[in-house]
Structures are given as structure tokens and as C-alpha cells.
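Here are the chains, one letter per residue:
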Amino acid sequence: MIAKVIVDVPAKQTDRAFDYLIPERLIEVIQPGMRVIVPFGPRTIQGFVISIEEESSFDKLREIVEPMDLYPVLNPELLKLGDWLTDKTLSYKISAYQVMLPAALKAKYIKKLKMSKQCQINDLPLDIQDLFINQQEVSWEQAVNEGLLSLLQKEATKGNIEVIYEVKERVKKKKLKHVYPLLNNEELMGIRDALTSQAAKQKVVIEYFIDKNESVELRELLSILNVSSATVKGLVQKGVLVEKDMEVYRDPYLDRIFEKTQALRLTDEQFAAITPVINSIEEEKHNVFLLYGVTGSGKTEVYLQSIQRILEKGKEAIFLIPEISLTPQMVKRFKGRFGNEVAVLHSGLSIGEKYDEWRKIQRKEVKVVVGARSAIFAPFENLGIIIIDEEHETSYKQEENPRYHARDVAIERARFHQCPVILGSATPALETFARAQKGVYIKLTLSKRMNNQSLPTVQIVDMREELREGNRSMFSRKLLEKLQDRLEKKQQTVLFLNKRGHSSFVMCRDCGYVVNCPQCDISLTYHRYNEQMKCHYCGYETHVPTHCPECNSEHIRYFGTGTQKVEEELGKVLPEARVIRMDVDTTSRKGSHERLLNDFQEGKADILLGTQMIAKGLDFPNITLVGVLSADTMLHLPDFRSSEKTFQLLTQVSGRAGRHELEGEVIIQTYTPEHYSIVLAGTQNYDHFYEQEMMIRKPHQYPPFYYISLITVSHENLMKVVSVTEKITHFLQARLSKESIVLGPVASPIPRINNRYRYQCLIKYKREPELGKTLKTVLDQYQQEAVSNGLQVSIDVNPYILM
DNA sequence: AGCACGCCGACT
DNA sequence: GTCGGCGTGCTC
């Protein structure tokens with residue numbers, strides 16, 4: 001029997017199945033979807049069996065060494081999905097399979113040197129003999145470090161030394177030692193009575209098991225009975241007890257009790273929204289729904305009850321949520337409703353923890369997965385629904401290969417399972433809303449907040465005006481006044497600082513010189529804790545200069561506003577306010593995110609100050625004021641979606657206020673109060689924004705009117721980059737239809753990263769069925785060059801970031 | 001991706 | 001004459 005195997009070598013030439021002989025003893029064992037260890041050239045590597053066949057056209061077949069799994073890690077659906085993913089994202093098969101699995105299943109390779117069997121230690125040169133005196137094998141690294149590599153290689157050609165390649169699992173299954181008695185109570189009593197008085201401790205252990213004749217964790221037993229492991233070992237030797245390793249899960253939520261919650265009564269609107277979903281579930285029909293509901297309109301309850309119905313039908317559900325809003329609050333809602341039917345997958349978990357959550361899914365021990373982007377690949381086999389909350393979030397798009405969008409994968413999987421998809425948002429992506437308008441998706445609307453609470457009132461403050469009237473602080477008078485008011489009323493405020501596109505850079509106040517990265521054409525970001533400036537792209541780090549390198553002025557310092565700075569300023573203007581700051585610095589430690597939010601919820605602070613991460617999901621009754629310190633920082637990014645992103649963010653943040661009994665107020669500070677995305681965020685009118693934005697996208701031929709694909713070329717040599725990009729552009733212009741637009745070559749918005757120049761070519765098209773093939777030819781042509789001369793070509797179909 | 005094979009310059 | 005540079009091509 002032959003296994004077709006995709007090997008773990010992400011390269012153009014190896015991006016196809018290789019045939020392997022299945023040895024006799026493994027014929028019943030090896031199945032499609034399993035990971036196997038195979039010889040590949042001189043190495044041994046990991047591979048995925050994609051199918052099993054009778055024969056092969058290749059005549060020098062080698063054998064599979066061994067399987068790495070007891071059961072397939074990829075089911076037939078996921079194997080097929082891998083093909084689809086490869087096709088859509090122009091990525092390698094192996095990368096597609098790897099992205100669908102937890103990182104723990106990615107192989108680790110070890111290279112070692114070993115003395116051959118026929119070789120005696122005296123046959124080796126003296127320098128090497130030391131190495132093998134006390135050990136059989138020497139790691140490759142050690143050989144390199146001790147500079148013995150060339151000597152060893154010489155011996156290897158003589159046949160005295162062998163090079164071994166080993167495939168290792170990245171993560172071990174966590175195991176705990178358990179013990180249990182082999183005998184029944186009567187026999188145990190017999191043994192007990194036969195024990196001499198010296199064996200008092202053994203007696204204690206036996207009595208424990210007489211009382212409780214079942215398996216117990218060794219460590220626990222030792223601590224309960226206060227005996228040593230030697231005691232237990234003695235009994236094991238006598239054949240009274242047995243030890244065995246029991247596999248356990250690393251459960252990040254182990255000691256937590258989740259209060260059981262019941263389904264809430266739906267409002268009329270919620271009921272109207274859920275009905276078509278339920279119908280779709282009952283009819284096992286594939287539909288895509290857009291659940292378009294204003295902030296605080298109770299979308300989550302609709303999700304929960306849809307999932308409830310899926311569980312009643314014995315099916316499974318995937319619930320996606322952006323990493324940033326995968327808060328403990330959210331987890332609590334799911335675990336509270338569905339108990340241990342829920343697995344949670346997010347980046348805060350260790351590799352081992354993720355692996356364990358994944359195995360719970362694989363073994364059908366859970367029915368619901370709550371997770372960020374990659375949870376879309378949860379290995380369910382009987383999927384009943386996929387829900388994507390905050391579907392407009394850009395984090396659903398993976399920015400490395402394979403560059404997939406979770407929304408597309410969701411729809412593909414749902415099509416396979418003939419089940420519904422719910423895309424939920426108060427501010428849908430323009431593409432999504434357009435499809436809903438066209439009837440491709442079914443639009444379900446929640447226009448009212450729960451408890452009939454009105455949306456918060458929004459005021460836009462012109463910061464230029466403030467400046468003109470002599471207020472140079474970062475708080476407008478209006479915001480300050482409201483802040484004071486909330487302090488007096490003992491109500492809470494959320495202050496939002498949009499840092500994206502506004503990181504603190506170092507600038508000379510005399511000549512305007514900005515410190516840039518010497519290798520990448522972007523400004524360095526100032527980090528206060530070590531007084532250093534760092535490049536976001538290549539990691540270059542340097543001290544803040546004391547004098548301007550251009551004009552030698554001493555007035556060189558950092559600009560821009562960080563959360564720390566705001567916190568300081570707050571301390572000056574409102575010294576009595578208690579502030580909790582949430583940003584990457586204060587939430588990097590595990591669990592600190594949760595702790596800070598808990599503190600805020602419990603009223604231990606008056607003001608919650610933070611970045612993106614507080615824009616979503618916060619749902620605390622006492623928040624009545626939201627302040628946005630600078631609304632327009634991301635408006636000037638070189639991205640056609642910047643207005644959309646600004647509107648979405650402002651609307652999301654505003655939605656944090658007044659979600660319960662108390663009414664909410666929002667203050668948005670801006671330097672461009674006339675910009676439509678800010679004006680309309682003020683009225684919180686998405687429909688209006690949609691129309692306005694569509695009117696702008698249309699003449700510029702941007703999505704949703706056109707699809708786009710982006711090709712980025714990079715190389716150390718600027719001329720090379722330009723000429724290759726030019727060639728690609730011409731090639732595409734010749735190949736694509738007249739209706740399509742090929743733009744370029746142009747310098748990328750980040751024209752240089754790590755000393756590599758970057759040029760790009762943007763394709764806009766409405767219908768281009770052969771585009772995938774054409775782009776693949778471009779990749780085939782130039783990816784070969786990558787090895788020989790360092791040219792890199794990357795293609796992003798439907799990019800979210802044009803950089 | 002690794003690695004071997006193979007063909008040309010600068011050294012014992 | 002050989003050691004070693006990296007261009008080329010293969011891995012079931």
C-alpha cells in the first residue's frame with residue numbers, strides 16, 4: 001500500500017504529494033489525516049498522509065518510518081479544506097495544514113551525531129574521542145560550538161560517524177501518576193493483617209484503599225496520608241498496588257466556578273432576528289446571516305440561544321471573537337451557559353494548554369469552541385453553526401501565509417456542513433453590509449438597545465478651537481468638566497486613546513527632524529521605560545539622542561501621546577481620581593488583564609484609561625462617560641479603509657457608555673471635526689455612514705465595488721525591486737481582462753524594511769476567474785529566485801492592510 | 001528548506 | 001595538487 005504524503009518542507013519544489021510505501025505492520029494503522037515520520041533525502045521529517053492508494057508510478061519508493069498519531073489529526077473535511085485554502089491564498093499545502101492545527105503538533109527537528117556500530121572509539125581522532133567517551137550521541141550544536149564539525153564530517157565520510165535526524169513532538173501530553181489497588185477489599189484486609197508492625201505506613205495506605213477502592217493521584221495520596229513515595233513503591237512491588245500514568249488536561253479555568261446562567265427572555269426584536277436562524281438550523285440549510293445590531297442590543301443572547309438549539313440537536317458550534325475582546329467576561333458567559341461543553345482557544349494560553357483544548361474538541365468532549373481566528377479550524381465533524389462576532393474586525397485576517405480570512409473559511413466550512421453562519425456587528429465591514437444589501441447574506445437587524453436604553457449622546461469637540469482659546473492640555477474643557485462631574489457622582493469613565501498610527505516618535509522641536517530607523521523607512525517608537533527608541537519592523541534599538549543630528553539643537557524629545565503620559569496629566573488635573581491604565585505594558589502578565597477589569601468593575605477606580613483593548617466587550621453598568629482623546633489619529637493612514645476603521649472604532653467605544661440603567665455620554669475630541677466618519681460616528685448612524693462611504697469607494701474602484709489583490713516585491717537592491725515589479729505589472733496587464741485595473745509599480749507605504757526595498761502592484765478587478773492561476777505563475781517564476789538572489793514576492797488576495 | 005554534487009579560484 | 005567557495009538540482 002502507498003501513502004501520499006505532504007512533507008514538512010515549505011518550498012515550491014516540494015509543494016506536492018510524495019509517495020511512500022506503508023510497511024506491512026502499519027497497513028491497518030496508517031490513515032489519511034495522520035502525521036507520519038518519513039525519510040526525505042538524507043533527513044527524516046514530518047509529513048501528512050493525504051490519501052492511501054494501491055500503487056504508485058514511482059519505482060524507488062521508501063517506507064514510512066512510523067505514524068506520529070494514534071488517530072488522524074485532520075479529518076476528511078479539513079484535508080479538503082486545506083486544498084481550498086491553498087488555492088485561495090496561494091500558499092503551500094503544508095502551511096495550510098499546519099495553520100489548521102495547534103502549534104504543539106508542529107514537528108521539532110533534532111540533528112545529532114553518533115558513532116557507527118562498527119566503529120571503535122580508538123578509531124576516531126583524539127580530538128573527537130572526548131566527545132564520545134561518556135555519551136552515545138552528540139548534538140549538532142555542540143559539535144558546531146566546539147569547532148569540531150569539519151573533523152566529524154571527515155569521519156562521517158569514512159563511515160565512523162553517522163548523522164541522525166530525529167523528529168520530536170513539541171509538547172508532551174501532561175501525565176500524572178495514579179495508583180490503584182489490584183486486589184479487592186477482602187484481599188486487602190488480608191494483606192493488612194499480615195503486615196508486621198514495622199510497616200505501619202503501608203498499613204495506612206492499605207486502609208485508605210479499603211475505604212476507597214479506586215484510582216487516586218499519587219501526589220494526592222502522599223499528601224493526604226502523609227506517607228512517602230517509598231511506602232507506595234513497596235506495595236507496588238508486593239503486587240498490591242499498581243502505578244499508571246493518567247493523561248490529564250492542562251485546564252486554564254480549572255479552579256474557577258462559573259455561575260450557571262439561564263436563557264434570557266428575548267425582546268421582540270431579538271426574537272424576530274433569531275427566528276430565521278432557528279429555521280435555517282431546523283432545515284439544515286446553509287445561510288449566511290448578518291446580525292446587524294447596535295451596541296448593547298443583545299447580540300450575544302441571540303448567539304447563545306442559537307448555540308443552545310444546536311446543542312439540543314446534538315451538533316457542534318464555533319464561536320469566533322476577536323482576540324482583544326476574548327475577555328474573561330465573555331468566557332464567563334459561555335461557560336456559565338454551557339458549562340464544560342465549552343473549549344476556549346486564545347493566544348493567552350500556553351502551547352500545551354492550547355493543545356489540550358484542541359484535543360477536547362478532537363475527542364468530542366466539548367461541543368462549543370470559543371476562540372480567536374484560528375479556532376475556525378476546530379476539528380468538529382458535526383458542525384451546526386458558526387458565529388463570528390464583531391465580524392468587521394481586521395484581526396480575522398491572518399497577515400502571514402496562509403493569508404486567510406476567518407470569515408471566508410467559516411462560509412466554506414458551513415457550506416460543507418450545510419449549516420448557518422452568523423456574522424454579527426454594530427458596524428459591519430462594508431463588504432459584508434453590501435452583500436447583505438444585495439441579498440447574498442440575510443440581514444437581521446437589532447435597532448434598539450436592551451431595556452430600551454437610548455444610545456449615548458455624543459458630543460464632538462474641536463481641539464483646534466481649544467488650542468486657539470489657549471487650552472494646550474490634552475483634555476478639552478468640556479471633557480474635564482464631565483470628568484469632574486462623574487467623579488462627584490461616583491460614576492465611572494472610560495478614556496480611550498487611539499494609539500495606532502500615533503505611536504510616540506522622537507522629533508527635534510527646532511528643525512522638525514524625526515528619528516527614523518536606519519534600515520526601515522519608518523520613524524522609531526519611543527519607549528519610556530528604558531529611554532530607548534525601537535523600530536517596530538526590524539527590532540533596531542537605540543538611545544534617544546541628546547542633540548539633534550541635523551541642527552545640533554538640544555530640543556529633541558519624544559512626541560505623541562502614550563497612555564503613560566495621559567495618566568500623568570490626569571494626575572495633575574484630577575489628583576483625586578483613581579485611574580486604571582490598560583495597555584500592552586500593564587496587561588502583559590498573565591491574568592493582569594482580568595484583574596484590572598475586575599478592579600474597575602468593583603469600583604476600585606473612577607477612570608479606565610486604555611487603548612484598543614478597552615474598545616470592545618466592556619459591559620459595566622456604572623460607566624456613564626466615554627472620552628475619546630484623539631479621534632483622528634488613524635484617519636491619516638495610507639489606507640482606503642481608514643475612514644471605515646475610524647467610524648467603527650468610535651462607534652464601538654461610544655457603545656461602552658450607558659448600557660444599563662444610567663444614561664451614557666460620549667465626548668470625542670478631534671482636530672478634524674468636519675470629517676464625515678467623525679461627524680457620523682457622532683450620530684452613530686451606520687446606515688448613513690455606509691452610504692457616504694460607498695459613494696467614495698465607487699469612483700475610486702475600491703471594495704466592495706472591486707476586489708483587490710496586492711503583490712509586494714522586496715529586495716536589497718532598489719533597481720532590482722523596481723524592475724521586477726515592473727515586469728510583474730506588465731505581465732498582469734497583458735494577462736488580465738480589460739475591465740481589471742493593474743496599478744504599479746509603486747513604493748509600498750513602508751518603502752523599506754530591514755534594508756530591503758519594497759515595491760508593490762495592486763490589482764483591482766470585478767471578475768477574473770483565472771486570476772489565481774495567473775498569480776501562481778508569477779509566484780512560480782519569482783519564488784525560485786528567492787533562494788538564489790534574495791528576491792521576495794508575496795501575494796495577498798483580498799488584503800486588509802495595504803502595507 | 002536542507003543537502004549533495006560539481007565546477008572554478010587561492011592556498012599548503 | 002587540494003581545500004573550499006556557492007550555483008544547481010533533488011528529495012517518494
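This is a predicted model, so every value here is computed, not measured.

Tallying secondary structure elements over chain A gives 25 helices and 34 strands in all. Relative to its length of 803 residues, chain A is compact, with a C-alpha radius of gyration of 31 Å against a globular reference of 28 Å. Overall size of chain A, expressed as C-alpha extent along the three principal axes, is 90 × 70 × 65 Å. Looking at the 803 residues of chain A, the share that counts as buried comes to 52%. The contacts of chain A with a sequence gap of at least 6 include a subset with a gap of at least 24, amounting to 74%. With the model as given, the accessible surface of chain A reaches about 37900 Å², and the carbon-plus-sulfur share is 49%. Separation between the mean location of the 106 positive side-chain charges and that of the 105 negative ones in chain A comes to 1 Å.

Turning our attention to the packing of helix α1 (residues 76-89) against helix α2 (residues 93-100). For the pair α1 and α2, the least separation of the axes is 9 Å and the interaxial angle reads 125°. Compared by their axis directions, α1 and α2 come out oblique. Crossing handedness for the pair α1 and α2: right-handed. On α2, the residues touching Leu 78, Leu 79, Leu 81, Gly 82, Asp 83, Leu 85 and Thr 86 of α1 are Lys 93, Ala 96, Tyr 97, Val 99 and Met 100. Taken together, the residues of the contact of α1 with α2 sort by class into eight nonpolar, two polar and two charged.

A few words now on the pairing of strand β21 (residues 492-496). Counting buried residues along β21, five of its five residues qualify, which places the element largely inside the surrounding structure. Bridge count between β21 and strand β29 (residues 623-628): five bridges; the pairing is parallel. From the neighbouring strand, Phe 496 faces β29, where its bridge partner is Val 628. The sheet contact formed by β21 and strand β28 (residues 607-610) spans four bridges and is parallel. Paired with Val 494 across the strands is Leu 608, a residue of β28.

Ranked by internal contacts, the top residues of the largest apolar core, which has 90 residues, are Leu 74, Ile 376, Phe 377 and Leu 608. Setting aside its immediate chain neighbours within four residues, Phe 377 contacts Leu 78, Leu 81, Leu 85, Val 99, Met 100, Tyr 404, Val 409 and Arg 413. In this structure, Phe 289, Phe 334, Val 342 and Ile 422 belong to the second largest nonpolar core, which totals 33 residues.

The subject of this paragraph is the protein's contact with DNA strand B. Taken together, Val 9, Pro 10, Ala 11, Gln 13, Pro 42, Arg 43, Lys 111 and Tyr 165 make up all the residues around DNA strand B. Here the atoms of DNA strand B within 4 Å of the protein split so that 60% fall in sugar or phosphate, with bases taking the remainder. Lys 111 places a side-chain nitrogen or oxygen 3.1 Å from a phosphate oxygen of DNA strand B. Between a phosphate oxygen of DNA strand B and a side-chain N or O atom of Tyr 165, the distance comes to 3.1 Å. Looking at the surface near DNA strand B residue by residue, the class counts come to five nonpolar, one polar and two charged.

Let us now look at the protein's contact with DNA strand C. Taken together, 13 residues are adjacent to DNA strand C, and Asp 19, Pro 39, Gly 41, Phe 58 and Arg 62 come closest. Among atoms of DNA strand C positioned within 4 Å of the protein, sugar and phosphate together represent 43%. A distance of 3.4 Å separates a base nitrogen of DNA strand C from a polar side-chain atom of Arg 16. Here Arg 62 contributes a side-chain N or O atom positioned 2.5 Å from a phosphate oxygen of DNA strand C.

Attention shifts here to the sheet that holds strand β14 (residues 316-320). Strand order across the open sheet formed by seven strands is β15-β16-β14-β17-β18-β13-β19, with parallel pairing between neighbours. Whereas interior strands pair on both sides, the edge strands pair on one side only; in this sheet they are β15 (342-345) and β19 (442-446). Sheet twist, expressed as the average angle between the axes of neighbouring strands with direction ignored, equals 15°. In this structure, β14 lies alongside strand β17 (residues 383-389), joined through five bridges in parallel fashion. Among the inter-strand pairings, Ile 318 is bridged to a residue of β17, identified as Ile 386.

Feature annotation in UniProt assigns "domain: Helicase ATP-binding" (unreviewed entry) to the following positions: residues 280-446. As annotated, residues 280-446 has a helix share of 37% and a strand share of 22%, and its two end C-alpha atoms lie 19 Å apart.

Our next topic: helix α10 (residues 268-282). End to end, α10 covers 21 Å across 15 residues, agreeing with the expected 21 Å (1.5 Å per residue, within 8%). Those residues of α10 that fall on the buried side of the exposure criterion are Glu 269, Gln 270, Ala 273, Ile 274, Val 277, Ile 278, Ser 280 and Ile 281. The elements touched by buried residues of α10 are β13 (288-293), α11 (299-312), β17, β18 (421-425) and β19. Directly beyond the C-terminal end of α10, a positive phi value near 50° is found at Glu 284.

Bringing the side chain of Ser 553 into the picture now. If you trace the backbone, Ser 553 turns up in the loop between β25 (541-543) and β26 (556-558). At a separation of 2.8 Å, a polar atom in the side chain of Ser 553 contacts the main-chain amide nitrogen of His 555. In contact with Ser 553, other than residues within four places in its own chain, are Cys 508, Asp 510, Thr 546, His 547 and Cys 548.

Here we come to the sheet that holds strand β34 (residues 792-797). Strands sit in the order β32-β33-β31-β34 across an open sheet of four strands; the sheet is antiparallel. Every interior strand has two partners, whereas the edge strands, β32 (741-753) and β34, have only one. With direction set aside, neighbouring strand axes in the sheet form an average angle of 20°. The sheet contact formed by strand β31 (residues 707-715) and β34 spans six bridges and is antiparallel. Paired with Val 713 across the strands is Val 793, a residue of β34.

So, about the layout of surface pockets. In this structure, the second largest pocket encloses a volume near 1500 Å³. Forming the walls of the second largest pocket are 48 residues, and the residues nearest its centre are Lys 88, Asp 408, Arg 435, Tyr 707 and Asn 798. When residues of the lining of the second largest pocket are traced back to their parent elements, those giving at least two are α1, α14 (406-417), α15 (430-438), α23 (686-697), β31 and α25 (771-789). With six residues, the single largest contributor to the lining of the second largest pocket is α14. Taken together, the residues of the lining of the second largest pocket sort by class into 26 nonpolar, seven polar and 15 charged.

Parameters and conventions
Residues numbered from 1 in each chain as written. Chains lettered and ligands numbered in written order. Predicted model: local features only at pLDDT ≥ 70, side-chain atom pairs only at ≥ 80, totals over all residues. Heavy atoms only, no water. Helix = DSSP H or I, 4+ residues; strand = E, 2+ residues; numbered from the N terminus. Rg over C-alpha atoms; globule rule 2.2 N^0.38 Å. Buried < 20%, exposed > 50% of the residue type's maximum accessible area, 1.4 Å probe, protein only. Contact = heavy atoms within 4.5 Å. Areas by Shrake-Rupley, 256 points an atom, 1.4 Å probe, with all protein chains shown as cover. Lys, Arg positive; Asp, Glu negative; His and termini not counted. Charge placed at Lys NZ, Arg CZ, Asp CG, Glu CD. Axes fitted to C-alpha atoms, helices over the stretch in contact; angles between N-to-C directions. Parallel < 35°, antiparallel > 145°, perpendicular 65-115°, else oblique. Left-handed = near helix turned anticlockwise from the far one by under 90°. Nonpolar A, V, L, I, M, F, W, Y, C, P; charged D, E, K, R; others polar. Pairing = 2+ DSSP bridges. Core = buried A, V, L, I, M, F, W, Y, C linked by side-chain atoms within 4.5 Å. Near = heavy atom within 4 Å. Polar contact = N/O pair within 3.5 Å; in protein donor to acceptor, adjacent residues only side chain to side chain. UniProt positions renumbered as here; feature names shortened; annotations may be inferred. Expected span 1.5 Å × (residues − 1). 1 Å grid on protein atoms, 1.4 Å probe; cavity = no way out; pocket = protein on both sides within 12 Å on 5 of 7 lines; lining within 4 Å. Points joined across faces, edges and corners; volume = space filled by probe spheres on them.

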